[in-house]
Amino acid sequence: MTGRAGDAIGRGMTDDPPLSPALLPSGFVDLLTPDARTEAEGVATLMDVFASHGYDRVRPPLMEFEETYLAGAGASLAEQSFRVMDPDTRRMMVLRPDITPQIARMAATRAGGAARPLRVSYAGTCVVVAPVAAEESGRQVMQTGIELIGPDSPQADAEILAVGAEALERLGVTGVSFDLTMPPFIPALLEEAGIPASSRPALLRALDRKDAAAVAEHGGALSTTLTALLESSGAAEHAVARLTGLNLPPRARAILDRLVDTVAAIRESRPDLRLTVDPVEFRGWKYHTGVCVTVFATGRSEELGRGGRYLCNDNEPACGLTFRPDVLFRLIPAAAPRKRVYLAPDADRAEAARLRAQGFATIGGFSAGPQAMEDARRLGCDFVLSGLARTDVS
């Protein structure tokens, strides 16, 4: 290339200042101690609770072929997926933005012959093109969760919430609220009521903003019903009492009845949970087909997790709950470090092994005498082990 354009490109390629070694792409961060330790121990705690309820761990790959990941439950995630070309097959691949579609694929293929109900758990990193909520800044996100595949019942939905609640309790997260929604309900109601397609966007915006005046303006014959639905939002018992008395068309009634039955099933298994219902909330992960839940904590605006009912790639019913460890672990104290023991060069190996078995971290040292004490303090050690003798650094 010649002329000014070529000169400009050449300068751009050679005159840019070198990147700092610490500079990372927007939305990606290094996670250092104690945050990395808190995440690792917290994920282990969550996974232990999941395993205690029979949810066996699986590990889907970080990348999949575009044509398989973006099929079935993953079809709605195309805009959130980073794509790269596989140099071997020349096929496009995606970095997963969400693990649940991978479980939907596995349930229909590799685990298709496994006994049902199939209970699986997972923990792994996902990468999204843009943060999925306004308060988020990261594009690399951690997910951990559970999926219950096979049964399509309020009791299955309730099990997912009960296990999730126990996991949060074990982790020490307090003030938790589970917000139940039914994303298919409002679209079905508008369709059955014959609301013109041209009128629906304005009406959906009004419902999304919980703007009763705008709902009355755009709701037409449904104005009274929609206003009653808005007023039904709140604590589960309040919502159920209001919703059961509404006159609704058959399909909308069936969808809402399932939500009411799910509330009853949750109250049967965990009557202590803080449970709310928002019948007009229609947003959700686009692959969800039934009852959904969003998990919040008192005083926090970001979601701790979300989940709901969906279909696997062979249309088998499933439900699940996915937590956001990066949010959860901001709500609990940092994981305490192990007490550290500095091993002088003459430290007894058997005694060092015994200390590790007791939960200490042993730090191999290269100095003896007074220098060992100085090095131990510098490295944050509590003791120095020399021979069989353990000396308090303080």
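See the structure above.
Here's what I pulled together on the structure shown here. Remember, it's a predicted structure, so these values are computed and weren't measured experimentally.

**A closer look at the overall build of the protein**
Right, on to step 1. Scanning the protein for helices and strands turns up 14 helices and 16 strands.
Right, on to step 2. Scaling as 2.2 N^0.38, a compact globule of 394 residues should have a C-alpha radius of gyration of about 21 Å, whereas the protein reaches 27 Å, well beyond that.
Right, on to step 3. In terms of overall dimensions, the protein has C-alpha extents of about 85 × 75 × 45 Å along its principal axes.
Right, on to step 4. Within the structure as shown, the protein displays about 20000 Å² of accessible surface, and the carbon and sulfur contribution to it stands at 54%.
Right, on to step 5. Within the protein, the 50 negative side-chain charges are centred at a point lying 2 Å from the centre of the 42 positive side-chain charges.

**Some points on the nonpolar core**
Generally speaking, soluble globular proteins have nonpolar side chains that are buried together.
Right, on to step 1. Phe50, Phe178, Leu180, Phe185, Leu226, Leu229 and Leu328 are the most contacted members of the largest nonpolar core, which totals 68 residues.
Right, on to step 2. Per-element accounting of this core gives the leading share, 9 residues, to helix H5 (residues 154–171).
Right, on to step 3. Sequence-distant contacts of Leu328, that is, excluding residues within four places in its chain, are made with Leu46, Leu168, Leu171, Val173, Leu304 and Phe323.
Right, on to step 4. If you look at the next biggest cluster of nonpolar residues, it comprises 21 residues, including Val94, Tyr122, Cys312 and Ala318.

**A closer look at the pairing of strand E11 (residues 305–311)**
Remark: a regular strand shows side chains that alternate across the two faces of the sheet.
Right, on to step 1. Judged by how many residues are buried, E11 sits mostly within the fold: 6 of 7 residues are covered.
Right, on to step 2. Relative to E11, strand E10 (residues 288–297) runs antiparallel, the two being bridged by 5 bridges. Considered in E11, the bridge of His288 is made with Tyr310.
Right, on to step 3. The pairing of E11 with strand E12 (residues 317–323) spans 7 bridges and is antiparallel. Looking across to E12, one finds that Gly307 is bridged to Leu321.
Right, on to step 4. Connecting the antiparallel pair E11 and E12 is a turn made up of 5 residues, with Asn315 showing a positive phi of about 65°.

**Some thoughts on the sheet that holds strand E15 (residues 383–386)**
Right, on to step 1. One open sheet accounts for 4 strands, arranged E14-E13-E15-E16; its pairing is mixed. The two strands at the open ends of the sheet, each matched to only one other strand, are strand E14 (361–364) and strand E16 (389–392). Across this sheet, the average inter-strand angle for adjacent strands is 30°, counted without regard to direction.
Right, on to step 2. Sheet topology places strand E13 (residues 340–343) next to E15; 3 bridges connect them, and they run parallel. When the sheet's bridge partners are listed, Val341 is paired in E15 with Phe383.

**Regarding the environment of Gly27**
Right, on to step 1. Note that Gly27 resides in the loop between helix H1 (3–14) and helix H2 (35–52).
Right, on to step 2. C-alpha of Gly27 to C-alpha of Ala130: the two residues are 103 residues apart in sequence and 8.4 Å apart in space.

**Points about the sheet that holds E12**
Right, on to step 1. One open sheet accounts for 9 strands, arranged E1-E5-E6-E12-E11-E10-E7-E9-E8; its pairing is mixed. At either end of the open sheet lies a strand with only one pairing partner, and these are strand E1 (56–57) and strand E8 (234–235).
Right, on to step 2. Two strands pair when backbone bridges link them, and strand E6 (residues 140–149) and E12 are joined in this way by 6 bridges, in the antiparallel orientation. Bridge pairing links Ile149 to Ala318 in E12.

Reading the values: the criteria
- Residues numbered from 1 in each chain as written.
- Predicted model: local features only at pLDDT ≥ 70, side-chain atom pairs only at ≥ 80, totals over all residues.
- Heavy atoms only, no water.
- Helix = DSSP H or I, 4+ residues; strand = E, 2+ residues; numbered from the N terminus.
- Rg over C-alpha atoms; globule rule 2.2 N^0.38 Å.
- Areas by Shrake-Rupley, 256 points an atom, 1.4 Å probe, with all protein chains shown as cover.
- Lys, Arg positive; Asp, Glu negative; His and termini not counted.
- Charge placed at Lys NZ, Arg CZ, Asp CG, Glu CD.
- Core = buried A, V, L, I, M, F, W, Y, C linked by side-chain atoms within 4.5 Å.
- Buried < 20%, exposed > 50% of the residue type's maximum accessible area, 1.4 Å probe, protein only.
- Contact = heavy atoms within 4.5 Å.
- Pairing = 2+ DSSP bridges.
- Axes fitted to C-alpha atoms, helices over the stretch in contact; angles between N-to-C directions.

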